[in-house]
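Now for the letters of each chain:
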Amino acid sequence: MPEEPLTPDNFKSTIKDGLWFIEHFSPYCGHCKHFFPTWQQLVKDVANDPAQPPVYLAQVNCAVNGDLCNANGVRGYPQLNMFYNGESVEQFREARELDILKAFIQKHRDAHQEDAKSPPSPPPTEEAPAPVVLNPTGTVLVADDKILPSALALGPAFIKFYAPWCGHCKKLAPTWDLLAQHMQNRLTIAEVDCEAHPALCKSYNVNGYPTLVYVNQAGVRSEYNSGRKLEQLIAFVEKASAPAVVAIKPDELETRVKEDDVAYLLLHPADDTSIISTVAQAASPLLGSPRIYTSPTTIFLSRFHIPSSAKWAILALKDHDALTPTSVFYGTATTELSSAETAALSRWLLANRLPTVTELTQDSFQGVMNAPQNPLVVIAAAHGKATRERVQERLRDLAAKWRARTAGTGRAGAKDATDLNGREIVFTSMDAERWGDWIKSMYGIKETKVKDLDDVPVVIADHKNLIYYDDDGHGSSLHLSASSLLPAIEAAASGKLSPKNSENFLERMARYVNAKITSAESYIVEHPGHLVFIVVAAVGMVGWVVKRVVLDAPGDEYGYNQKGRRVD
């Protein structure tokens, strides 16, 4: 069996004879990484199996050889296909478990024991409709207000809104072309010139360039704010276009939770799976992160004490803890949710997607600091990689104590996991060397290198309101200790701690004026009739004043008005 993945140069010649079971994978795919140990064991077992005819196993790296994977009809990763004499005969579509994989291989062994006695299968009487193929040419779709809606009617798309003069847009252009090549036959990669189509860009709330927006199958728009390297973009679109809900066995949960900072677990009756599609639709804005796992087993229902009155439930599992959910959402209907329950579920999914502990980087900043639930963010400014690693370890310890203090929820004011109220708290570290100027301007933290973790500068930030807290309310600076930080978090969340402003007076005034101008502009756009009335009324008022002051003023016997009376 080949030790290296097959390539376009040797694929046909390698598999032209006999049975070949091929795994098409991507090194950026989480499911591929999870499946890898099973694949390795399968390779070993099949190689040692004396059964005839022999079956050979090989792989194709789709991140490197996308054209070959497209030619083989690959639509997701990992995809397993059985080939016989160079032709694909069946795609493996069952659970990727060792015994099931072996049974699939044996089935094809049995089918080809006596090929001469097996008559060819009759052609199908009716040809199934061809599936819609997105991005068939592997090139960027140049879109406008007519082309883009037509493309979105076929399926999801990743769209770049740009301006020709924008330097960052020019820098991104070659990467965007490579992304389109990689996603050939799988996802539309489009671009819109906002200089040529300003109305279309405005309808997508484009405020800067480039703006990247992913539109899923349901038409839900989500702005992408993470890294723009090719591997980061590929990882994002593969996760975003993957199935929203993944079925797992009970013994897989702990492994999956260890892999993910945040994971959702959907529990439902074994005889009712209709809720899966409903939850998948509500989870559209998540774009595959966090992943939603599901299992109908009663083991989880009892382990997590799900009441019998709940038709189904979703649990948020954070910090690689598979035992204590931070939040639980109970469902009351299975076949069709009310609009209110659907909206509540979507809000819950978005509100619980942040990990309790993370590092603030260029990629994660927007998702944490501008999260819709407006969390309080603990920021520890650390110098040097070694110090940041020690700070992260301390933050994990503090987060564990904070969760214990808040009945496992991690939310200030929440009574238990079923209490959907409370303020979310996120513990973060930040590279004080790279972001020193920003930290200083926002929170007044000056560059200081420290050796003791208790001396690391810490603030509690409310970024949406541009305020922060840097003391415990008793005149002492915050420290990375439970006695200093945890009571301060509670006081800040309850409004008992006095905040400081992240902006100076002039900046606050400028933001206030800008907000008023923007509000007035929006009002005028939405109520043009009111603007006409205001203008007419203003003109009328000015005319009335002119008439009263000038035209109706008393004149003297020489015909001069009193206010313009000559003094010569």
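Above this note sits the structure.
A brief report on the enclosed structure follows. If you're wondering where the values come from, they're calculated on a predicted model, not measured in any experiment. (Residues numbered from 1 in each chain as written. Predicted model: local features only at pLDDT ≥ 70, side-chain atom pairs only at ≥ 80, totals over all residues. Heavy atoms only, no water.)

**Points about the state of the cysteines**
And then number 1: Taken as a whole, this structure holds two disulfides when the rule is applied.
And then number 2: Put simply, Cys194 and Cys201 are joined by a disulfide, and their sulfur atoms are 2.0 Å apart. Its torsion about the S-S bond being -95°, the disulfide of Cys194 and Cys201 is classed as left-handed.
And then number 3: By relative accessible area, Cys201 is classed as buried at 3%.
And then number 4: Each bonded cysteine of the chain is numbered by sequence order, and under that numbering the disulfide pairs are 1-2, 3-4. (Disulfide = S-S within 2.5 Å. Buried < 20%, exposed > 50% of the residue type's maximum accessible area, 1.4 Å probe, protein only.)

**Points about the sheet that holds strand S8 (residues 211-215)**
The strands that make up a sheet pair up through hydrogen bonds in the backbone, lying either parallel or antiparallel.
And then number 1: Read across the sheet, five strands follow the order S5-S7-S6-S8-S9 without closing on themselves; strand pairing throughout is mixed. The outermost strands of the open sheet, each flanked by one partner alone, are strand S5 (141-142) and strand S9 (221-224).
And then number 2: Of the strands in this sheet, strand S6 (157-162), strand S7 (188-193) and S8 are in contact with helix H6 (residues 167-182), which crosses S6 at around 160°. (Pairing = 2+ DSSP bridges. Helix = DSSP H or I, 4+ residues; strand = E, 2+ residues; numbered from the N terminus. Contact = heavy atoms within 4.5 Å. Axes fitted to C-alpha atoms, helices over the stretch in contact; angles between N-to-C directions.)

**Some thoughts on unusual backbone geometry**
And then number 1: Geometrically, the link from Gln52 to Pro53 is a cis peptide bond, its omega value of -5° lying close to zero.
And then number 2: Take Pro53: it is sitting in the loop between helix H2 (30-47) and strand S2 (55-61).
And then number 3: Cis geometry marks the peptide bond from Ser289 to Pro290; its omega dihedral reads 5°.
And then number 4: With respect to the helices and strands, Pro290 occurs in the loop between helix H10 (274-282) and strand S12 (292-295).
And then number 5: With phi around 50°, Asn85 is a residue other than glycine that occupies positive phi space.
And then number 6: Inspection of the secondary structure puts Asn85 in the loop between strand S3 (79-84) and strand S4 (87-92).
And then number 7: Phi at Leu466 is positive, roughly 55°, even though this residue is not glycine.
And then number 8: Mapped onto the elements of the fold, Leu466 is located in the loop between strand S19 (458-462) and strand S20 (467-469).

**A few points about the sheet that holds S3**
And then number 1: Across the sheet, four strands lie side by side as S2-S1-S3-S4; this open sheet has mixed pairing. Across the chains shown, the open sheet's two edge strands, defined by having one partner strand only, are S2 and S4. The average undirected angle you get between the axes of adjacent strands in this sheet is 30°.
And then number 2: Pairing of S3 with S4 involves five bridges; the strand directions are antiparallel. In the strand pairing of S4, Met82 is matched with Glu90.
And then number 3: Strands strand S1 (19-25), S2 and S3 of the sheet are contacted by H2, whose axis makes an angle of about 155° with S2.
And then number 4: Along the sheet, helix H4 (residues 98-111) makes contact with S1, S2, S3 and S4, crossing S4 at roughly 150°.

**Thoughts on H6**
And then number 1: The first and last C-alpha atoms of H6 sit 24 Å apart over 16 residues, in line with the 22 Å expected at 1.5 Å per residue.
And then number 2: The principal kink in H6, of about 35°, is found at Ala173, preceding the proline Pro174 by one to four residues.
And then number 3: Of all the residues in H6, the buried ones are Cys169, Leu172, Thr175, Trp176, Leu179, Ala180 and His182. (Expected span 1.5 Å × (residues − 1). Bend = angle between axes of the 7 residues up to and from the residue.)

**Thoughts on the nonpolar core**
And then number 1: Counting 28 residues, the largest nonpolar core has Phe427, Ile460, Leu480, Leu485 and Ile489 as its most contacted members.
And then number 2: Those elements that provide at least two residues to this core are strand S16 (376-382), helix H14 (385-405), strand S18 (423-431), S19, S20 and helix H16 (482-493).
And then number 3: Looking at which element gives the most residues to this core, the answer is H16, with six residues.
And then number 4: Phe427 has contacts with Thr356, Val357, Thr358, Val378, Leu395, Leu398, Ala399, Trp402, Leu485, Leu486 and Ile489, leaving out every residue within four places of it along the chain.
And then number 5: In this structure, Phe365, Ala381, Ala432 and Ile445 belong to the second largest nonpolar core, which totals 20 residues. (Core = buried A, V, L, I, M, F, W, Y, C linked by side-chain atoms within 4.5 Å.)

Remember, this is a structural readout, not a statement about activity or role.
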